[in-house]
Each structure stands twice: as C-alpha cells, then as structure tokens.
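# Structural features, examined
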Amino acid sequence: MAASTDAAVLVALGSDGDLTVLRLAAQEAAGHGRPLHVLHTFDWHAAFTAETVAAPRDQAENLITRAAQLAHEIESGLTIRGEIVESATLPTLIRRSETAFLLAVGDSGMAGSGECVPAETIAVQLAGRAGCPLLVVRREPPPSGPVLVGVDCSPSSELALEWAFECAARRCAPLLALRVAEPDEDTDVVTDQLAEMLARHTARRTDVPTERRVLRGDPGEMLVDASRSAQVALVAARGDEPGRGMLGSVAQSMLYHSPAPVIVVRGLAEAPLTGPDARPRRDQRP
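Notes on the structure follow.

Procedures and definitions
Residues numbered from 1 in each chain as written. Predicted model: local features only at pLDDT ≥ 70, side-chain atom pairs only at ≥ 80, totals over all residues. Heavy atoms only, no water. Helix = DSSP H or I, 4+ residues; strand = E, 2+ residues; numbered from the N terminus. Buried < 20%, exposed > 50% of the residue type's maximum accessible area, 1.4 Å probe, protein only. Contact = heavy atoms within 4.5 Å. Arc of directions from axis to C-beta. Polar contact = N/O pair within 3.5 Å; in protein donor to acceptor, adjacent residues only side chain to side chain. Core = buried A, V, L, I, M, F, W, Y, C linked by side-chain atoms within 4.5 Å. Pairing = 2+ DSSP bridges. Axes fitted to C-alpha atoms, helices over the stretch in contact; angles between N-to-C directions. Right-handed = clockwise from strand over helix to strand, strands pointing away. Salt bridge = Lys/Arg side-chain N within 4 Å of Asp/Glu carboxyl O. Parallel < 35°, antiparallel > 145°, perpendicular 65-115°, else oblique. Left-handed = near helix turned anticlockwise from the far one by under 90°. Nonpolar A, V, L, I, M, F, W, Y, C, P; charged D, E, K, R; others polar. Phe/Tyr/Trp six-rings, centres within 6.5 Å; stacked < 30°, edge-to-face > 60°. Lys NZ or Arg CZ within 6 Å of the ring centre and 35° of its normal.

Across its full length, the protein chain carries nine helices and 10 strands. Classification of the 286 residues of the protein chain by burial places 50% in the buried group. Summarising the internal contacts of the protein chain: among those between residues at least 6 apart in sequence, 81% fall at separations of at least 24.

The structure is reproduced here in structure tokens:
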C-alpha cells in the first residue's frame, strides 16, 4: 500500500510548545509539494476539570488558528487544514498515519534528558506503530550540517537512503551515509556493498554531494555520535522486518538520544516522495 499523491504531512500539536514541530512540518510539506494537516486531539474529561468547560475548547481552537497563521508565514503557498479531534491522541494518530505522507511530532523532551524514556511516550509508540514515516522534532535547533542516514544494506534501509537523498536535495545539503560493520564482516566487502548501494541513487541524484563511512562499534552509538553535527538523521524503523510493529535497537537509540531531528522511515515509505509542486529550498531546515 502507498499513500496517495495528495496525502498530507500530518503534524500533531498538543500545546504552544509544539509550534517548533509545526515549523519543520510546514517546511517538509512545502519541500515535498504536499498539503499540511494540523491536528489537535481534545480531551473532554480534562475539560470538565478546568475552571470552565468552555476554556479548554477555546484554547484548542486558538492553537489551531495560530498554527495555521504561522504555517502561512513560513510557507505562504502551502495548503493548510486544521482539525480538532475529540479522541485519545495515540490511537487517533496511528489511524490517521495510515493515509498520511509523513507524521511530525515533538520528542516529549527525550533528547538530552539522560533519563529512562517510558515506552508509552507518544513518539516512541508512533515510531513502532505508525503507518507512515515519522519525523520526531527536538526542542533545540540543529546545526546546518549534512543529512545523515544509517544503512545496513537491507531493503528497509534502502528506503531510508532514498528518503535521505530527497531530503539532502531539497536542503541543498551533503549526504553522509554511515554503515557500521559487524564483528565478523570484512571491512572491504562492506565498503564495496555500501558503494554499490549509493551508486544506485547517485546516478539519479547527481546534485547531492555524498560521503560514505564504514565504522566498527555499536551501530546505535556510532549513529548518535555522527548525528551531533547533522541537520537531520534518517533511519529505518527496523532493518530486517520493516513491516513489523516494533522498533529496532538502532532506531531506538536514535529516537532516544540523537540531538538532531530524526525521521524514522517506515509504513508507507513506498509513496512518491515528491508532489507536483515540490521544489528545493536553499533556506530550508529539517
């Protein structure tokens, strides 16, 4: 199954603190030539505990209005839809992700917290269960470094690499492809495999400067370390079983510890990456 050519970039907003997520989601939507769908889930049970029942609903409507205005300021030609859904957040986002092109959420303060991240955190659950690629946005802006992608030569990492080339092209940024060799793998063989994998994409995306690295060590740690200088990092949800409702250890490490925004490529990643109005942007950030 693939998302339709007019599938939207879906951004989940819970509060004013998520407007950073909106900014990056709007840039993604414009870069891919997609509409932007801003969604807020509303909890009536919480509303009844407020000072007035009407106040939380008014705040939600005000959040959606301000979000739409901000998105128009960021990308004036963007088609924007705002929606308030009276439902629980996680099941709503999982359901809506099945028809979305990309889902963007905040990281709930995971990056740099140094604490154990609860498995029920929204971003963690979505990374393992969403029906489309997931963009997890950090609170701190990233540097203007390369687009980083972790690959292991599996079919799912091939999809992650395809997305990474598109991300780099739209940002006019270099691409860094990182492969961590297993202890029993020959470095020269792995290097040749990575070169062949990249060659399948560089022939089509000659506009993207590409660097490849083969390292040894813990894959998660190596990628997290490399992501410190990246403007965005991409990784497949799970190398060997991309359709499984789980998250691989490398993707978990990136999700929990990478200081850069992370795109977990999963679900409907086979969808066309670029709509009819997509355009590269030299000023675009991840």
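Read on for the rest.
The next thing to look at is helix α8 (residues 219–227). Looking only at α8, the buried set comprises Gly-220, Leu-223, Val-224, Ala-226 and Ser-227. The buried residues of α8 occupy one face: seen down the axis, they fall within an arc of 165°. Seen from the buried face of α8, the exposed residues on the opposite side, beyond 90 degrees, are Glu-221 and Asp-225. Buried-residue contacts for α8 involve β6 (147–150), β7 (175–181), β9 (232–236) and α9 (249–257). Measuring from the backbone nitrogen of Gly-220 back to the side-chain oxygen at the start of α8 gives 3.1 Å, which picks out Asp-218 as the cap.

Within the largest apolar cluster, 51 residues are counted, with the highest numbers of intra-cluster contacts made by Val-11, Leu-22, Leu-36, Val-147, Val-149, Leu-175 and Leu-234. Ranked by residue count, the leading element in this core is helix α6 (residues 155–171), at eight residues. Excluding residues that lie within four positions of it along the chain, Leu-22 makes contacts with Val-11, Leu-13, Leu-36, Val-38, Ala-67, Leu-70 and Ala-71.

Another aspect to go through is the sheet that holds strand β5 (residues 134–137). Pairing in this open sheet of 10 strands is mixed, and the strands run β3-β2-β1-β4-β5-β10-β9-β6-β7-β8 from one edge to the other. Each edge of the open sheet carries a strand with a single partner, namely β3 (80–85) and β8 (210–216). Strand-to-strand, the axes of this sheet are offset by a mean angle of 20°, without reference to chain direction. In this structure, β6 lies alongside β9, joined through three bridges in parallel fashion. Across the sheet, residue Leu-148 finds its bridge partner in β9, namely Ala-233. Its contacts with the sheet place helix α3 (residues 54–74) against β2 (36–41) and β3, and it is angled at close to 165° to β3.

Let us now look at the pairing of β7. Of all the seven residues making up β7, seven are buried; the element is thus mostly covered by neighbouring parts of the structure. Side chains Leu-175, Ala-177, Arg-179 and Ala-181 project from β7 onto one buried face, and the interleaved Leu-176, Leu-178 and Val-180 project onto a second face that is buried too. As defined by bridge partners, β6 adjoins β7 across four bridges and the pair is classed as parallel. Pairing of Val-147 across the sheet is with Leu-175, part of β7. Viewed along the sheet, the connection from β6 through α6 into β7 turns out right-handed. Where β7 and β8 come together, seven bridges link them in parallel fashion.

Right, let's get into the pattern of salt bridges. Following the criterion strictly, the structure yields 15 salt bridges and no others. In this structure, Arg-228 and Asp-225 form a salt bridge, with 3.8 Å as the shortest nitrogen-oxygen distance. For the pair Arg-228 and Asp-225, a shared accessibility class is recorded, and that class is exposed. One network of salt bridges, with partners in common, ties together Glu-166, Arg-204, Arg-205 and Asp-207.

It is worth spelling out the packing of helix α1 (residues 19–32) against α3 at this point. Between α1 and α3, the least distance of the axes is 10 Å, while the angle of their chain directions is 45°. Classified by the interaxial angle, the pair formed by α1 and α3 is oblique. Judged by the sense of rotation from one axis to the other, the crossing of α1 with α3 is right-handed. From α1, Leu-19, Leu-22, Arg-23, Ala-26 and Gln-27 reach across to α3, where they touch Leu-63, Arg-66, Ala-67, Leu-70, Ala-71 and Ile-74. Along the lines of polarity and charge, the residues of the contact of α1 with α3 split into eight nonpolar, one polar and two charged.

Turning to the side chain of Arg-179, a few remarks are in order. Along the polypeptide, Arg-179 turns up in strand β7. Classification of Arg-179 by relative accessible area gives buried; the value is 4%. At 3.2 Å, the side chain of Arg-179 forms a polar contact with the side chain of Glu-185. Among all residues touching Arg-179, those that are not within four sequence positions of it are Val-151, Asp-152, Cys-153, Glu-185, Val-190, Gln-193, Leu-194, Arg-213, Val-214 and Leu-215.

Right, let's get into the packing of aromatic side chains. As enumerated under the stated definition, the model contains one aromatic pair in all. Each ring, one from Phe-101 and one from Trp-163, has its centre 5.2 Å from the other, and the planes form 25°; the classification is stacked. With Phe-101 in the loop between α4 (89–97) and β4 (102–106) and Trp-163 in helix α6, this residue pair connects regions lying 62 residues apart in the sequence. Take Phe-101: its relative accessible area is 1%, and that puts it in the buried class. Cation over ring: Arg-34 sits above Phe-101, and NZ or CZ is 4.1 Å from the ring centre. The aromatic ring of Phe-42 is capped on one face by Arg-57, whose charged end is 5.5 Å from the ring centroid.

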